[in-house]
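# Report on the structure
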Amino acid sequence: MAKIRKGVTLTLRLIALAATVVAVVIMVTSKETARVLNLTFTAKFTHTPAFKYYVVAEAIAGLYTVLALLLASKSLLSRLTLILDLVVAMLLTSSISAALAIAQVGKQGNSHAGWLPICGQVPHYCDKLVVSLVAGFVAALVYLLLLLYTLRAALSPVFAIKP
Amino acid sequence: MGEEEVVQKRQKAVVLVLRAAALLATAAATIVMALNKETRTFVVATVGTTPVTASITAKFQQTPANVFFVIANAMASNHNLMMIGSDLFGIDYRGFKLPLVAILDMLNAALLSAGVHGAAFMAQLAKNGNSHARWNEICDKFQGYCNRGGIAILASYVGLLVTLGITVVSIVKLLKPKPQPQPLASEIEVP
C-alpha cells in the first residue's frame, strides 16, 4: 500500500516538474519582432509584470518539486511537505491566474478601456504563450490533485476504504 | 481529560474567530467590487461653440478578471458562512467532518488565491498601462473606480492570508495521530 502511495505521488510530482519546466522555458524563449507601418514592435515576456511573476513562480515551484523528490524518503518531514505543497499549489494557481488575465486582454483586447489586442501582430508569440499557459495550468491542477491524494491517503482509516 | 477538553475548546474558538475574520474580509471584497461603477463625462470634440460630450462608464463587468474576482470571493464567503454555521449548530458527520473541512478549505484557498491575483494584475495594468502594447492607463481618469477596486483587492488579500491560516490549522488537526483502539490488520507491517 505504501509503495502504491509513493508511486502515485512520485508520478504526480514528475508530471508537475515537467509542466513547470516546459512553462518556464517556453515563455522565456518566446520573443517576436513585428513591423507595422515602419514601426518595430517587439514582444517579450519581460514587457509584462504578470508574465515575469509567472516565470518566477513556476521556477520556484519547479525547484521545490525537485527538492521534494529528493527528500521523499524521509517520513519525518511529511507534515512540512504537505504544508509547503499547499503554499506552492496556491503560488501556482495565483501565477496562472495572473498570466491568463493579461493574456486574455492581449488576445481579445478590452474595448471599454481602449486596449487593442496584440495577437494579430505577433501570432507566433501568442502561440508560444498559449503552450506555456497550458503547461502552467497542468502544473497547478496536478499540484491540487497531489494535495487531495496526500490528504486522502493520510485518512484511509477514516474513509473506511480498505487500502 | 479536562485539560484536553479546554485546549480543544480554545482551538475551536480560535478557528471560529479566524473564520469570522475571513468571512468579513471576503464579503467586504465581494460587495465593494460588485458595486464598483463610475461614470465620467468627457468633452470629445467642439462643434462650433458647443462642446460635444460623451459619458463613459467604468464597471467591474467590463473586465473578466474582476468578474472572476467577485465570483471567487462570493464562493469563499459562502464557504466560510457554511462552516461557521455547521460549527455553531454542531452538525456532526461522524468523523467525516474534519477531512471534508480540510479539503474544502484547501480548495477555497486555491480559488481565492487565483481570484485575487488575477484582479490585482489587471489593476496594475489599469494603473500603469503597458507602453509596449500601446495600452493606456485608465486610472488617471477613473480614480474612484480604481480606488474602490484597490480596497476590494486589499480586503481579499487579508481574507486569503486568514484562509491560508485556517487551512494549515485544519490540516495539522487532521494529521495529528489519533489514538486507535487497535491497529487495522492491513496496517501491521511485518518487518
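Just so you know, these numbers come straight off a predicted model, no measurement behind them. (Residues numbered from 1 in each chain as written. Chains lettered and ligands numbered in written order. Predicted model: local features only at pLDDT ≥ 70, side-chain atom pairs only at ≥ 80, totals over all residues. Heavy atoms only, no water.)

What follows is about the overall build of chain B. Looking only at helices and strands, chain B features 4 helices and 2 strands. The buried share of chain B, taken over its 191 residues, is 40%. Taking contacts inside chain B between residues at least 6 apart in sequence as the whole, the part at least 24 apart equals 74%. When the accessible surface of chain B is split by element, carbon and sulfur atoms take 65% of a total near 11,000 Å². (Helix = DSSP H or I, 4+ residues; strand = E, 2+ residues; numbered from the N terminus. Buried < 20%, exposed > 50% of the residue type's maximum accessible area, 1.4 Å probe, protein only. Contact = heavy atoms within 4.5 Å. Areas by Shrake-Rupley, 256 points an atom, 1.4 Å probe, with all protein chains shown as cover.)

Residues and elements named next belong to chain A. Those places that UniProt annotates as "transmembrane region" (unreviewed entry) correspond, in this numbering, to residues 12–30, 50–71, 83–106 and 130–151. The span residues 12–30 is 89% helix and 0% strand, and its two end C-alpha atoms sit 27 Å from each other. Within residues 83–106, the helical portion is 100% and the strand portion 0%, while the C-alpha atoms at the span's ends are 35 Å from each other. (UniProt positions renumbered as here; feature names shortened; annotations may be inferred.)

What follows covers the state of the cysteines. Inspection of the entire model under this criterion finds 2 disulfides over all chains. Put simply, A:Cys119 and A:Cys126 are joined by a disulfide, and their sulfur atoms are 1.8 Å apart. An S-S torsion of about -90 degrees defines the bridge between A:Cys119 and A:Cys126 as left-handed. Here B:Cys139 connects covalently by a disulfide to B:Cys146, the sulfurs 1.8 Å from one another. Here the disulfide of B:Cys139 and B:Cys146 is left-handed, its torsion about the S-S bond being about -90 degrees. Owing to a relative accessible area of 9%, B:Cys139 belongs among the buried residues under this scheme. Residue classification places B:Cys146 among the buried positions, given a relative accessible area of 18%. (Disulfide = S-S within 2.5 Å.)

We now examine the interface of chain B and chain A. The interface of chain B with chain A comprises 44 residues on the first partner and 38 residues on the second. When the buried surface of chain B facing chain A is broken down by residue, B:Met106, B:Phe121 and B:Trp135 rank first, second and third, together holding 18% of it. Where chain B touches chain A, the interface holds 0 salt bridges. Counting the contacts that link chain B with chain A gives 8 residue pairs in polar contact (both at pLDDT 80 or more). When residues of the side of chain B that touches chain A are traced back to their parent elements, those giving at least two are helix H2 (64–88), helix H3 (97–128) and helix H4 (143–175) of chain B. Top contributing element to the side of chain B that touches chain A by residue count: H3(B), with 15 residues. (Buried area = accessible area lost by both parts, 1.4 Å probe. Salt bridge = Lys/Arg side-chain N within 4 Å of Asp/Glu carboxyl O. Polar contact = N/O pair within 3.5 Å; in protein donor to acceptor, adjacent residues only side chain to side chain.)

Before going further, it helps to spend a moment on the confidence of the model for chain B. Residue and element names in this part refer to chain B. Averaged over all residues, the pLDDT of chain B equals 86, while 90% of them reach at least 70. Across chain B, H2 holds the top mean pLDDT of 93, while strand S1 (residues 37–47) sits lowest at 83. Overall fold confidence for the complex sits at a pTM of 0.87, while the interface term, ipTM, reaches 0.88. (pLDDT = per-residue confidence, 0-100.)

Attention shifts here to unusual backbone geometry. For residues other than glycine, phi is negative in most cases, and the peptide bonds are mostly trans. Of note, B:Arg134 is a non-glycine position whose phi angle comes to about 55 degrees, a positive value. When you line up the elements, B:Arg134 lands in the loop between H3 and H4.

Counting residues in hydrophobic clusters, the biggest one holds 81 residues, and the most contacted among them are A:Phe51, A:Trp115, A:Tyr143, B:Phe69 and B:Met122. If sequence neighbours within four positions are ignored, B:Met122 has contacts with A:Ala101, A:Ile102, A:Val105, A:Trp115, B:Thr63 and B:Ala65. (Core = buried A, V, L, I, M, F, W, Y, C linked by side-chain atoms within 4.5 Å.)

This paragraph deals with the UniProt feature "transmembrane region" (unreviewed entry) in chain B. What UniProt calls "transmembrane region" (unreviewed entry) maps, in this numbering, to residues 151–172 of chain B. Overall, residues 151–172 of chain B shows 100% helix and 0% strand. The separation of its end C-alpha atoms is 32 Å.

Residue and element names in this part refer to chain A. Applying the stated criterion across every chain yields a total of 3 salt bridges over all chains. We note a salt bridge from arginine 13 to aspartate 85, for which the minimum N-O separation is 3.1 Å. Linking arginine 13 in helix H1 (residues 2–28) with aspartate 85 in helix H3 (residues 78–108), this pair joins segments that are 72 residues apart in sequence. The buried category is assigned to arginine 13, whose relative accessible area is 9%. On the basis of relative accessible area, aspartate 85 is assigned to the buried category, the value being 2%.

Examined against the element boundaries, B:His79 turns out to sit in helix H2. In terms of polar contacts, B:His79 uses its side chain to reach the side chain of B:Asn108, at 3.2 Å.

All names here are of chain B. Over its 32 residues, H3 runs 46 Å from end to end, which matches the ideal 46 Å to within 8%, given 1.5 Å per residue. Counting buried residues along H3, 23 of its 32 residues qualify, which places the element largely inside the surrounding structure. Within two residues after H3, glycine 129 carries a phi angle of roughly 70 degrees, on the positive side. (Expected span 1.5 Å × (residues − 1).)

Here the focus is the packing of aromatic side chains. This structure, assessed with the given rule, holds 3 aromatic pairs over all chains. Aromatic pair A:Trp115 and B:Trp135: ring centres 6.2 Å apart, planes at 40 degrees, arrangement tilted. One end of the pair, A:Trp115, is in the loop between H3 and helix H4 (123–153); the other, B:Trp135, is in the loop between H3 and H4, on a second chain. Across the pair, B:Trp135 and A:Trp115 agree in class, each one buried. (Phe/Tyr/Trp six-rings, centres within 6.5 Å; stacked < 30°, edge-to-face > 60°.)

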